[in-house]
Amino acid sequence: MIHPLQPTRRQLFAGAALLAAPALLTLPRRAEAMAPLQPATGPVPFHRFMLGSFEVTTLLAGTRPLENPHETFGLNATPEEFAAAAEAAFVPVDVSQNFFTPTLVNTGEQLVLFDTGLSPEGISAAMGAAGYAPEQVDVVVLTHMHGDHIGGLANADGPVFANASYVTGQVEFDHWAAAGNEGFDGKVRPLADQMTFIGDGDTAAPGVTGILAAGHSPGHMAYRVESDGKSLILIADTANHFAFSVPHPDWEVRFDMDKAKAAETRRSLLGMIAADRLPFIGYHMPFPALGYLDTAGDGFHFVPATYQQMLPSFG
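Residues numbered from 1 in each chain as written. Predicted model: local features only at pLDDT ≥ 70, side-chain atom pairs only at ≥ 80, totals over all residues. Heavy atoms only, no water.

1. Digging into the pattern of salt bridges
For the record, the criterion: Any carboxyl oxygen of Asp or Glu that lies within 4 Å of a side-chain nitrogen of Lys or Arg is treated as forming a salt bridge with it. Each residue's exposure class comes from its accessible area (1.4 Å probe, protein chains only) as a fraction of the maximum for that residue type: buried when under 20%, exposed when over 50%, partly exposed otherwise. Helix numbering and strand numbering both begin at the N terminus, where a helix is a DSSP run of H or I of at least 4 residues and a strand a DSSP run of E of at least 2.
This model, assessed by the stated rule, comprises six salt bridges. Among the ionic pairs, Arg-48 bridges to Glu-55, the shortest N-O distance being 3.7 Å. On the basis of relative accessibility, which here comes to 33%, the residue Arg-48 falls in the partly exposed class. Residue Asp-256 is joined to Arg-266 by a salt bridge in which the shortest nitrogen-to-oxygen separation is 3.0 Å. In this pair, Asp-256 is assigned in the loop between strand 15 (230-236) and helix 7 (259-276) and Arg-266 in helix 7, connecting sequence segments ten residues apart. Of the two residues examined, Asp-256 and Arg-266, each falls in the buried class. Shared partners join several salt bridges into a network, and the residues in it are Asp-250, Arg-267 and Asp-298.

2. So, helix 7
Counted only if it meets this: One fewer than the residue count of a helix, multiplied by 1.5 Å, yields its expected span. Note that the arc is computed from the directions linking the helix axis to the C-beta atoms. Any two residues having at least one pair of non-hydrogen atoms within 4.5 Å are treated as being in contact.
For helix 7, which comprises 18 residues, the first-to-last C-alpha distance of 26 Å matches the rise-based estimate of 26 Å (1.5 Å per residue) to within 8%. Buried residues of helix 7: Ala-262, Ala-263, Thr-265, Arg-266, Leu-269, Leu-270, Ile-273 and Ala-274, and no others. Along the axis of helix 7, the buried positions cluster into a sector of 160 degrees, meaning they face one direction only. Across from the buried face of helix 7, at angles greater than 90 degrees, the exposed residues are Ala-260, Glu-264, Ser-268 and Ala-275. Buried positions along helix 7 lie against strand 14 (221-227), strand 15, strand 16 (280-282), strand 17 (290-296) and strand 18 (299-304). Arg-277 occupies a position one or two residues after helix 7 and carries a positive phi of about 55 degrees.

3. A look at unusual backbone geometry
Note that the residue after Phe-287, namely Pro-288, is joined by a cis bond; omega there is 15 degrees. The residue Pro-288 is located in the loop between strand 16 and strand 17 in this model. Phi angles above zero are rare outside glycine, and Asn-68 is one such case at about 50 degrees. Locating Asn-68 in the fold gives a position in the loop between strand 3 (62-67) and helix 2 (79-88).

4. Thoughts on the sheet that holds strand 14
The test is simple: Strands are labelled as partners when DSSP assigns at least two bridges between them. To obtain each axis, a line is fitted to C-alpha atoms, and for helices this fit is confined to the stretch in contact; angles are then taken between N-to-C directions over 0 to 180 degrees.
Strand order across the open sheet formed by seven strands is 12-13-14-15-16-17-18, with mixed pairing between neighbours. The sheet is open, and its two borders are formed by strand 12 (203-205) and strand 18, each paired with just one other strand. Within this sheet the neighbouring strands show an average axis-to-axis angle of 35 degrees, counted without direction. Across five bridges, the pairing between strand 14 and strand 15 is antiparallel. Looking across to strand 15, one finds that Ser-227 is bridged to Lys-230. Across the sheet, helix 7 lies against strand 14, strand 15, strand 16, strand 17 and strand 18, angled at about 155 degrees from strand 15, the strand it touches most.

Shown next as structure tokens:
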């Protein structure tokens with residue numbers, strides 16, 4: 001007869017199994033297969049935030065590497081100076097990454113697009129990712145007529161922004177109209193009858209004011225976007241690289257048509273942005289192309305936006 005407090009054989013085996021279970025769980029298991037490497041990801045092709053009651057979306061219409069950036073930025077800088085600037089910004093000296101970033105502003109009454117990227121495919125894809133279609137654009141504002149800003153205007157079937165009117169600087173249009181430029185003649189000139197021409201201080205759309213920023217091209221324009229007392233500056237190509245043109249505004253850029261005037265404009269416009277602590281969007285700044293400036297030495301320092309635009313006080 002088994003004593004009431006004495007375990008049975010079945011209970012002993014069950015207890016032994018329970019004691020062994022944790023040990024079994026800790027034994028290493030043979031991997032079925034190694035996890036495959038995943039491809040590196042690029043940036044999401046749009047970034048959206050509110051400025052007052054305006055919705056602002058930056059659109060990555062293209063990006064590509066540029067070899068030997070010293071041949072483009074800092075033409076009047078020594079190799080040692082250029083290398084020091086690259087090292088200070090934690091970027092390589094022998095290659096840079098170019099970004100092409102049109103900006104879309106929804107005022108609630110109009111959808112306003114600033115510049116169009118390199119190609120119809122690039123701007124259409126970025127807009128589609130952001131939830132918009134080209135035919136929804138009411139106004140296209142062209143900061144200047146270089147190919148990477150007008151490239152998305154038209155395809156083989158005609159204008160990409162079929163329902164839009166157009167705004168650009170009078171000085172800029174007049175220069176290229178007399179230049180015999182294939183890109184302008186093919187994509188901009190056919191839209192002339194739908195264009196409004198403005199100058200410094202003129203209104204491009206409600207809440208949007210032109211700022212003459214000549215030098216990169218003869219009539220190159222920046223724009224102030226303002227809503228509910230909040231302001232944002234679109235500098236277009238006033239400064240083309242955060243590590244070279246911003247800290248060293250006097251460094252010459254290959255694509256600046258009047259290099260002395262471009263340097264003067266950089267100092268003036270970037271100085272205003274820094275002094276007033278305004279957010280700005282630079283067409284060629286690292287995507288999402290939004291940031292701030294502070295003074296640093298004889299130039300400026302680019303401060304990328306972080307969470308400012310998530311807060312009610314943004315602007």
